[in-house]
Amino acid sequence: MRQQEFQRIGRVLRDHSGAELGENTRSAVAVKLSPVLEEFNLPTMAHLTAALTMPGNGRLRQRVAEAVAVPESYFFRNRECFAYIADVMLPHLMEQRARTRRLRIWSAACSTGQEPYSLAMLLAEKGAVLDGWTVEILATDFSGPVLRKAAQGLYSQFEVQRGLPATKLIKYFEKSGAAWQIKPDIRARVAFREQNLLHSCAELGRFDIILCRNVLIYFGLAQRAAVIARMARRLEPDGYLVLGAAETTHGYSDDFGRVPEGQNGVYRLRSSLARDTTERPFGKERESAAAFRSVILDRATADRLEARARARGMTLSALLAEIAGTDPYPEGSTETKRR
C-alpha cells in the first residue's frame with residue numbers, strides 16, 4: 001500500500017469512526033482490507049481509495065472502517081474496575097434509586113460483547129439483592145458485524161480463556177461444539193444497538209453508568225473531547241463514567257473529576273463530586289481519627305464506607321481517618337502504609 005493510499009484510508013477511518021491510524025500499521029491495514037477488495041470487486045488498493053472518494057459509497061466507507069477497526073475485548077477486563085462497580089457504584093446508586101428501583105448502564109463501543117456480558121454476569125451474582133429491580137444494559141458499537149457476533153454470544157475456547165474464571169464459564173455458558181455460548185438468561189440481560197460515538201446519541205436516553213473503556217486511545221484529540229462531551233450529556237447527575245485505566249478526561253473536559261477513591265479511569269460530574277463533599281457524614285469540619293472511631297454509623301452508611309475501603313485495600317478506620325484529613329497510620333500504628 002502506497003503512502004498516499006494509506007493516508008486516504010486514514011482520513012476515511014477518522015471521519016467515520018474517530019480512530020487514528022499509526023504509521024506502523026500500514027502493512028496490517030493492507031491485510032485487513034483484502035476481503036473488502038474481494039467483496040466489492042476492486043482489483044487493487046488504488047481502485048479502493050479512488051472508490052472511497054465517489055459520492056454514494058457510504059457502504060464501502062463503512063466496510064473499510066469496520067475492517068480496519070480493532071475489535072479488542074475480553075471478559076472482566078481490569079478486574080479492579082468490575083470490583084469497584086460491584087462494591088461501590090451499585091450500592092451507592094441503589095441507595096439513590098430506592099424509590100424507582102431502576103438502573104441503566106451503557107457499554108459504549110462494546111465490540112464483540114465481552115464487556116456487557118461481564119456486567120450481566122456481575123448483576124446475576126448479586127442474586128436477591130436486585131430482586132424487584134429493573135437493570136437495563138445497552139451495548140453499542142458502530143460495526144454491524146461485531147454486534148451480530150456479540151448478540152449471538154458464541155465464543156471460542158481462546159476467547160473464554162481470556163479473563164473469564166472457570167467457575168463463571170461453567171455457571172453461565174453452555175458448550176456448543178468446539179465453542180461456548182452464553183446461556184439465554186444472561187444474553188437476555190443485554191440489548192445491542194448500532195451506534196457511532198461520533199454521532200448524536202440523544203435518543204439513547206440517560207444512564208447511571210457509562211463504560212467507554214479503551215476506546216478514546218484510538219481517537220484524535222478533537223474526537224476525544226467531542227465524545228466525552230456527549231457522554232456528559234447522557235449521564236445522570238450522580239452517575240459514573242468509566243474509561244480505560246490509562247484514559248482520562250483531563251485536558252478534554254471540565255465537566256468531570258476523578259472519584260475521590262482514586263480509582264483509575266472512573267469519573268463523575270464535578271457537580272456531583274462537590275455535592276458529595278458537602279453532604280459527607282460528620283459535617284464540614286475535620287475531625288480527629290480518634291473522633292471518627294467513636295462515631296456510631298447507621299447500617300447503610302457503614303456498608304457503603306466498608307465497600308469503599310475494601311475496594312481500595314484499606315481498613316474502615318484508615319478510610320475514615322483519610323476523610324477526616326488526618327494521618328490514617330499515626331506513629332506507633334501497627335498498620336502498614338500503602339505506597
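Thresholds, definitions, all that
Residues numbered from 1 in each chain as written. Predicted model: local features only at pLDDT ≥ 70, side-chain atom pairs only at ≥ 80, totals over all residues. Heavy atoms only, no water. Helix = DSSP H or I, 4+ residues; strand = E, 2+ residues; numbered from the N terminus. Buried < 20%, exposed > 50% of the residue type's maximum accessible area, 1.4 Å probe, protein only. Contact = heavy atoms within 4.5 Å. Areas by Shrake-Rupley, 256 points an atom, 1.4 Å probe, with all protein chains shown as cover. Pairing = 2+ DSSP bridges. Axes fitted to C-alpha atoms, helices over the stretch in contact; angles between N-to-C directions. Salt bridge = Lys/Arg side-chain N within 4 Å of Asp/Glu carboxyl O. pLDDT = per-residue confidence, 0-100. Core = buried A, V, L, I, M, F, W, Y, C linked by side-chain atoms within 4.5 Å. Parallel < 35°, antiparallel > 145°, perpendicular 65-115°, else oblique. Left-handed = near helix turned anticlockwise from the far one by under 90°. Arc of directions from axis to C-beta. Disulfide = S-S within 2.5 Å. Phe/Tyr/Trp six-rings, centres within 6.5 Å; stacked < 30°, edge-to-face > 60°. Lys NZ or Arg CZ within 6 Å of the ring centre and 35° of its normal.

Peer 1: Could you clarify how one ought to interpret the overall build of the protein in this entry?
Peer 2: Looking only at helices and strands, one finds 15 helices and 10 strands in the protein. A buried classification covers 46% of the 339 residues belonging to the protein. Sequence-distant contacts in the protein: of pairs separated by 6 or more residues, those separated by 24 or more amount to 69%. Element-wise, carbon and sulfur atoms account for 51% of the exposed surface of the protein, whose accessible area totals about 16800 Å².

Peer 1: Is there a simple way to explain the sheet that holds strand E6 (residues 190-194) in this structure?
Peer 2: Two modes of strand pairing occur in sheets, parallel and antiparallel, and in both the strands are linked by backbone hydrogen bonds. Strand order in the open sheet formed by 7 strands is E6-E2-E1-E7-E8-E10-E9, with mixed pairing between adjacent strands. The sheet is open, and its two edges are formed by E6 and strand E9 (256-258), each paired on a single side. Between one strand axis and the next, the sheet turns through 25° on average, direction left out of account. Both strand E2 (residues 134-141) and E6 contribute to a ladder of 5 bridges, which runs parallel. The partner of Ala139 across the bridge, within E6, is Phe192. Along the sheet, helix H5 (residues 79-96) contacts strand E1 (102-107), strand E7 (207-212), strand E8 (235-243) and strand E10 (266-269); its crossing angle with E8, the most-contacted strand, is approximately 175°.

Peer 1: Where do I start with the pattern of salt bridges in this structure?
Peer 2: Two side chains carrying opposite charge are able to pair once their charged atoms lie near each other. On inspection of all chains with the given rule, the structure shows 10 salt bridges. Among the ionic pairs, Lys149 bridges to Glu159, the shortest N-O distance being 3.5 Å. A residue pair is termed long-range when its members are at least 10 positions apart, and Lys149 in helix H7 (residues 144-152) and Glu159 in helix H8 (residues 157-161) qualify at 10 residues. Salt bridges sharing common partners tie together Glu39, Arg63 and Glu66.

Peer 1: Got a minute to help me understand the confidence of the model for the protein in this structure?
Peer 2: Do not read the fine detail of predicted coordinates wherever pLDDT is low. Of all residues in the protein, 82% have pLDDT values of 70 or greater, and the mean over the chain is 83. Every residue in residues 280-295 is under pLDDT 50, and counting partners more than four places away or in other chains gives 18 contacts. The low-confidence segment residues 325-339, where pLDDT is below 50, has 20 contacts with residues more than four positions distant or belonging to other chains.

Peer 1: Got a minute to help me understand the nonpolar core in this structure?
Peer 2: As a rule of thumb, soluble globular proteins bury nonpolar side chains together. Grouped together as the largest cluster of nonpolar side chains are 43 residues, with contacts concentrated most on Phe75, Ile85, Phe173 and Ile209. A per-element tally of this core places H5 first, with 10 residues. Grouped together as the second largest cluster of nonpolar side chains are 23 residues, Leu216, Val227, Ile228 and Ala232 included.

Peer 1: Is there a simple way to think about the environment of His199 in this case?
Peer 2: Relative to the helices and strands, His199 resides in the loop between E6 and E7. Through-space distance from the C-alpha of His199 to that of His16 is 9.6 Å; in sequence the pair is 183 residues apart.

Peer 1: It is not clear to me how the packing of helix H1 (residues 3-17) against helix H3 (residues 45-52) should be interpreted in this structure. Could you clarify?
Peer 2: Between two packed helices, the angle of one axis relative to the other and the distance separating the axes together describe the packing. As a packed pair, H1 and H3 sit with axes 10 Å apart at the nearest point and diverge in direction by 40°. Of the possible angle classes, the one that applies to H1 and H3 is oblique. Here H1 and H3 pass one another in a crossing that is left-handed. Across the interface between the two elements, Glu5, Arg8, Ile9 and Val12 from H1 touch Met45, Ala46, Leu48, Thr49, Ala50 and Leu52 from H3.

Peer 1: Got a minute to help me understand the side chain of Thr49 in this structure?
Peer 2: Positionally, Thr49 belongs in helix H3. On the basis of relative accessibility, which here comes to 4%, the residue Thr49 falls in the buried class. The residues touching Thr49, leaving out its near neighbours within four places in the chain, are Glu5, Arg8 and Ile9.

Peer 1: Which parts of the structure should I look at to understand H3?
Peer 2: Every α-helical turn comprises 3.6 residues, leaving residues that sit three or four positions apart pointing alike. Along H3, the residues that are buried comprise Met45, Leu48, Thr49, Ala51 and Leu52. Along H3, the residues classed as buried sweep out an arc of 160° about the axis, all on the same side.

Peer 1: What am I meant to see in the state of the cysteines here?
Peer 2: Joining two cysteines, a disulfide is a covalent bond between their sulfur atoms. Under the defined criterion, the tally for this structure stands at 0 disulfides. Here Cys201 stays unpaired: no disulfide links it, and the sulfur of Cys212, its closest cysteine neighbor, is 9.8 Å away. Exposure remark for Cys212: the relative accessible area of 1% places this residue in the buried category.

Peer 1: So what exactly am I meant to see when it comes to the packing of aromatic side chains here?
Peer 2: Between two aromatic rings, the relevant description is the distance of the centres plus the angle of the planes. Evaluated as defined, the whole model comprises 6 aromatic pairs. Ring geometry for Tyr117 and Phe192: centres 5.7 Å apart, planes at 70°, overall edge-to-face. Of this pair, Tyr117 sits in helix H6 (residues 114-126) while Phe192 is found in strand E6, placing the two residues 75 residues apart along the sequence. Here Tyr117 falls in the buried class, since its relative accessible area comes to 0%. Site record: aromatic cluster; members linked through ring pairs are Phe75, Tyr117, Tyr155, Phe173 and Phe192. Taking NZ or CZ as reference, Lys168 lies 5.5 Å from the ring centre of Phe76, over its face.

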